[in-house]
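Structure assessment
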Amino acid sequence: MLTKSTLNTLSTILGLIAGGSSLLGGAGVIDRSAASTIGGIATAMLGYLVQQPASGK
């Protein structure tokens, strides 16, 4: 079981990855297909992560 602090940190990182890939893909910095894949994976992991119970620490 992860601590609340760890869950918050991981959620922030995954959110930044998902948003950053979308932004970079839309700007043409990276391939849109790659950006969609990266964003989709990060979003799926984030969805799983937020369902995990946190320990009280």
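Preceding this paragraph is the structure being described.
Quick caveat, the model's predicted, so the values are computed rather than measured.

Things to note about the overall build of the chain
Scanning the chain for helices and strands turns up two helices and two strands. Scanning the chain from its N terminus toward the C terminus, one meets helices and strands in the order β-α-α-β. Relative to the globule expectation of 10 Å for 57 residues, the C-alpha radius of gyration of the chain, 13 Å, shows a markedly less compact shape. Sorting the 57 residues of the chain into buried and exposed places 16% on the buried side. Long-range contacts, defined here as pairs at least 24 residues apart, represent 73% of the contacts in the chain between residues at least 6 apart. Element-wise, carbon and sulfur atoms account for 66% of the exposed surface of the chain, whose accessible area totals about 3900 Å².

Looking at the nonpolar core
It is characteristic of soluble globular proteins that their nonpolar side chains tend to be buried jointly. L7, L14, A18, A42 and L49 form the largest nonpolar core, which has five residues in total. Among residues more than four places away in sequence, those in contact with L49 are L2, L7, L10, S11 and L14.

Notes on a nonpolar patch on the surface
Nonpolar side chains collect at one region of the surface, where L2, L10, I13, I17 and I38 lie side by side and expose about 370 Å² of accessible area between them. The element best represented in the nonpolar patch is helix α1 (residues 4-27), accounting for three residues. Residue placement: L2 occurs in strand β1 (residues 2-3). A relative accessible area of 35% places L2 in the partly exposed class.

Procedures and definitions
Each chain has its residues counted from 1, following the order in which its sequence is written. pLDDT decides what is reported in this predicted model: residues at 70 or higher carry local features, side-chain atom pairs at 80 or more are listed and counted, and totals for whole chains, interfaces and linings draw on all residues regardless. Calculated side-chain values reflect all of the structure's heavy atoms, with hydrogen atoms and water omitted. Counting from the N terminus, the helices are the DSSP runs of H or I reaching at least four residues and the strands are the DSSP runs of E reaching at least two. The reference for a compact globule is 2.2 Å times residues^0.38; the radius of gyration itself is calculated from the C-alpha atoms. Exposure categories follow from relative accessible area, calculated using a 1.4 Å probe and restricted to protein chains: below 20% of the type maximum is buried, above 50% is exposed, and the middle band is partly exposed. Contacts: residue pairs with any heavy atoms within 4.5 Å of one another. Method for areas: the Shrake-Rupley scheme with a 1.4 Å probe, in which residue coverage is limited to the protein chains shown. Working definition of a nonpolar core: buried Ala, Val, Leu, Ile, Met, Phe, Trp, Tyr and Cys residues. They are joined through side-chain atoms within 4.5 Å. Each patch is built from residues lacking any salt bridge and having more than 30% relative accessible area; the joining distance is 9 Å for like charges and 5 Å for nonpolar side chains (Val, Leu, Ile, Met, Phe, Trp, Tyr). Definition used for salt bridges: Asp or Glu carboxyl oxygen within 4 Å of a side-chain nitrogen of Lys or Arg.

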